[in-house]
Amino acid sequence: MSKRLKDNLSSGYFEAANRMTSKKARRRIVAYVESYDDVFFWRSVLSRFEDSTRYFEVMLPSRVPHLERGKKAALMSLLNGKVGRDMIACVDADYDYLIQRATPMSETIIDSPYIFHTYAYSIENLQCYAPSLHDVCVAVTLNDHAIFDFESYFREFSLAIFPLFVWSVWFYRTPDYGEFTISDFLHVIETGHFNPDDTESSLRNLRRKVARRVDQLQRHYPSAKQSWQAVKDDIKRLGVTPDTTYLYVQGHHLFDKVVVPMLKKICNLLIRERENEIARQSLHSTQRHNELSCYSGSVADVELLLKKNTAFTSAPPCERVLDDIRRFLGDTTADTTPTSVSDVAPTAGEK
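Residues numbered from 1 in each chain as written. Predicted model: local features only at pLDDT ≥ 70, side-chain atom pairs only at ≥ 80, totals over all residues. Heavy atoms only, no water.

Novice: An account of the packing of helix 11 (residues 251-281) against helix 12 (residues 285-298) is needed here, citing residue identities and associated values.
Specialist: Packing of helix 11 against helix 12 brings their axes to within 9 Å, and their N-to-C directions diverge by 155°. With respect to their mutual orientation, helix 11 and helix 12 come out roughly antiparallel. Read as a crossing pair, helix 11 and helix 12 show a hand that is right-handed. From helix 11, Leu270, Ile271, Arg274, Glu275, Ile278, Ala279 and Gln281 reach across to helix 12, where they touch Gln287, Arg288, Glu291, Leu292 and Tyr295. In the contact of helix 11 with helix 12, the residues fall into 6 nonpolar, 2 polar and 4 charged. (Axes fitted to C-alpha atoms, helices over the stretch in contact; angles between N-to-C directions. Helix = DSSP H or I, 4+ residues; strand = E, 2+ residues; numbered from the N terminus. Parallel < 35°, antiparallel > 145°, perpendicular 65-115°, else oblique. Left-handed = near helix turned anticlockwise from the far one by under 90°. Contact = heavy atoms within 4.5 Å. Nonpolar A, V, L, I, M, F, W, Y, C, P; charged D, E, K, R; others polar.)

Novice: Residue-level account of the environment of threonine 245, with values.
Specialist: With respect to the secondary-structure elements, threonine 245 resides in the loop between helix 10 (225-237) and helix 11. For threonine 245, a relative accessible area of 0% gives the class buried. A sequence separation of 86 residues divides threonine 245 from leucine 159, and the C-alpha atoms of the two residues are 7.3 Å apart. Within the structure, threonine 245 has its side chain in polar contact with the backbone oxygen of proline 242 (distance 2.9 Å). (Buried < 20%, exposed > 50% of the residue type's maximum accessible area, 1.4 Å probe, protein only. Polar contact = N/O pair within 3.5 Å; in protein donor to acceptor, adjacent residues only side chain to side chain.)

Novice: So what's going on with the packing of aromatic side chains? Which residues, and what values?
Specialist: Per the stated rule, a full pass over the model turns up 26 aromatic pairs. Taken together, a centroid distance of 5.3 Å and an interplanar angle of 85° make the contact between phenylalanine 41 and tryptophan 42 edge-to-face. The pair phenylalanine 41 / tryptophan 42 is uniform in exposure class, with both members buried. Centroid distance tyrosine 172 to tyrosine 177: 5.1 Å. Interplanar angle 25°. Geometry classified as stacked. Judged by relative accessible area, which is 18%, tyrosine 172 ranks as buried. Relative accessible area serves as the criterion here: at 42%, tyrosine 177 is assigned to the partly exposed category. (Phe/Tyr/Trp six-rings, centres within 6.5 Å; stacked < 30°, edge-to-face > 60°.)

Novice: Kindly report on the nonpolar core, identifying the contributing residues and their values.
Specialist: Of all hydrophobic cores here, the largest spans 104 residues; its most connected members are Trp42, Phe154, Phe165, Trp167 and Phe185. Sequence-distant contacts of phenylalanine 165, that is, excluding residues within four places in its chain, are made with Tyr95, Leu98, Phe185, Ile235, Val240, Thr245, Tyr248 and Val249. (Core = buried A, V, L, I, M, F, W, Y, C linked by side-chain atoms within 4.5 Å.)

This is the structure:
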């Protein structure tokens with residue numbers, strides 16, 4: 001056993017530390033997260049529950065390095081059996097929520113009332129919540145002209161990929177998930193070059209690619225029809241709807257490959273629109289130069305503001321996170337485990 005205090009921290013340790021403070025002092029609840037990017041996100045979620053009796057401190061465990069891969073596994077290994085009333089863990093759901101206890105990691109995340117997950121694939125999905133993206137554009141460009149319908153686009157994008165997404169979850173509920181990995185799924189749903197003036201062409205191409213791959217899988221696994229339908233019904237029960245599928249695909253792909261390129265294009269149009277407006281309204285060249293210089297200095301970075309986007313609280317997955325935290329704070333013995341019908345998930349023998 002390690003003799004270093006920091007290697008033996010647990011909820012019990014923080015509970016004892018809280019008891020040693022003044023009776024009027026606020027209770028400290030430590031929330032461990034996976035990476036530095038998660039700190040601000042979870043602070044924005046947890047801070048709404050702070051009051052005169054309690055506060056949260058969001059941090060990374062000192063023994064968990066900032067890793068791109070395996071960071072959740074490292075965090076769960078470090079905190080195994082140690083979370084509780086005064087020390088919680090906040091993690092991305094990934095597929096662990098949707099595969100419904102098909103792995104030990106999934107079982108731990110679903111069953112523990114002291115581990116909170118995003119329900120959506122990751123924090124990046126919630127940062128990319130479609131109804132909030134116009135506000136991000138306004139924050140970047142200081143131009144409130146709504147020139148693109150983000151909600152409509154992501155509704156059509158989601159409807160296009162939903163049938164193949166069901167297959168993706170289907171595979172990850174079996175031991176043979178390597179036959180159709182998340183990377184394989186993402187390769188099919190790549191949208192390529194984004195043209196805000198012709199989104200229908202890219203969506204039409206996306207539908208064609210998805211239909212082709214779905215047809216291949218149906219022919220290769222002809223006996224999976226019933227189990228595929230069962231998985232489809234199950235993930236709908238878990239909150240996935242055909243028109244919100246984008247919230248459950250891999251978050252970094254959505255953020256880096258879909259939303260950031262899209263926002264950069266839209267924001268560039270809005271910036272040019274504002275610059276042209278300044279040029280038209282300026283009385284002389286000096287005024288135009290000064291106004292354009294001032295405006296240029298006020299334009300922000302798309303990726304940075306998207307990471308700081310907190311206008312996702314009305315997203316259904318976030319509402320579920322907030323409900324879980326309310327239950328935890330109101331009654332830490334409350335059963336937060338969702339009803340599972342994972343017994344309808346396909347097995348390798350059903351192919």
